[in-house]
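Geometric and topological summary
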Amino acid sequence: MKFGLAKIPVQNTFCSKCSARIKSELLKIQDITNVSLYPTDSLVVFNFIKANELSTALNTLTDLGYPPEGDRLGSNKVLPICSHTCGRYVEGEVA
Ligand SMILES: [Zn+2]
């Protein structure tokens, strides 16, 4: 079994709460494993097996409001940005 490694920089920042949500959504996709999120770099890393699983994962990220860098979005599309005051203050954590 050969795994691909995806390192996806996304356009929006996310906090540790958002990371947990993104991770659980990605893990619902079959054959997506080892999901790691790096909030300080806005980077999402995971293993996948087939290319179509990678594209499903990218669609999931876009749906969650974290489109991959380089994706062009319509100017009328408002991104749902994290409501946890992302990147500045995380409840219960010292940055
Ligand atoms: Zn958040």
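Further up the page is the structure itself.
Keep in mind it's a predicted model, so treat the numbers as computed, not measured.

1. Describing the overall build of the protein chain
- Helices and strands together make up the secondary structure of the protein chain, namely 2 helices and 3 strands.
- Helices and strands in the protein chain line up, N terminus first, as β-α-β-β-α.
- Relative to its full complement of 95 residues, the protein chain shows a buried share of 16%.
- Contacts in the protein chain between residues at least 24 apart in sequence constitute 64% of all its contacts with a sequence separation of at least 6.

2. Considerations on helix H2 (residues 51–64)
- With 14 residues, H2 should reach 20 Å at 1.5 Å per residue; the first-to-last C-alpha distance of 20 Å fits that figure.
- Positive phi shows up at Gly65, right after H2, with a value of about 100°.

3. Thoughts on the environment of Leu61
- Inspection of the secondary structure assignment puts Leu61 in helix H2.
- The buried category is assigned to Leu61, around which 21 C-beta atoms lie within 10 Å.
- Along the chain, Leu61 and Val44 lie 17 residues apart, while their C-alpha atoms are 9.3 Å from each other.
- Every residue in contact with Leu61, bar those within four places of it in the chain, is listed here: Ile8, Val10, Val44, Tyr66, Pro67 and Pro68.

4. What about the pairing of strand S1 (residues 4–9)?
- Here S1 lies mainly on the outside; 0 of its 6 residues are buried.
- Sheet analysis places S1 next to strand S3 (residues 43–48), joined by 6 bridges and oriented antiparallel. Among the inter-strand pairings, Gly4 is bridged to a residue of S3, identified as Phe48.

5. Examining the sheet that holds S3
- Here 3 strands make up an open sheet; going across it, the order is S1-S3-S2 and the pairing antiparallel. Since the sheet does not close on itself, it has two edges, and those belong to S1 and strand S2 (33–38), each with one partner. Across the sheet, the mean angle from the axis of one strand to that of its neighbour is 15°, orientation sign disregarded.
- Contacts from helix H1 (residues 16–27) reach S2 and S3 within the one sheet, and its direction differs from that of S2 by about 155°.

Calculation criteria
Residues numbered from 1 in each chain as written. Predicted model: local features only at pLDDT ≥ 70, side-chain atom pairs only at ≥ 80, totals over all residues. Helix = DSSP H or I, 4+ residues; strand = E, 2+ residues; numbered from the N terminus. Buried ≥ 20, exposed ≤ 12 C-beta atoms within 10 Å, placed from the backbone. Contact = placed C-beta atoms within 7 Å. Expected span 1.5 Å × (residues − 1). Pairing = 2+ DSSP bridges. Axes fitted to C-alpha atoms, helices over the stretch in contact; angles between N-to-C directions.

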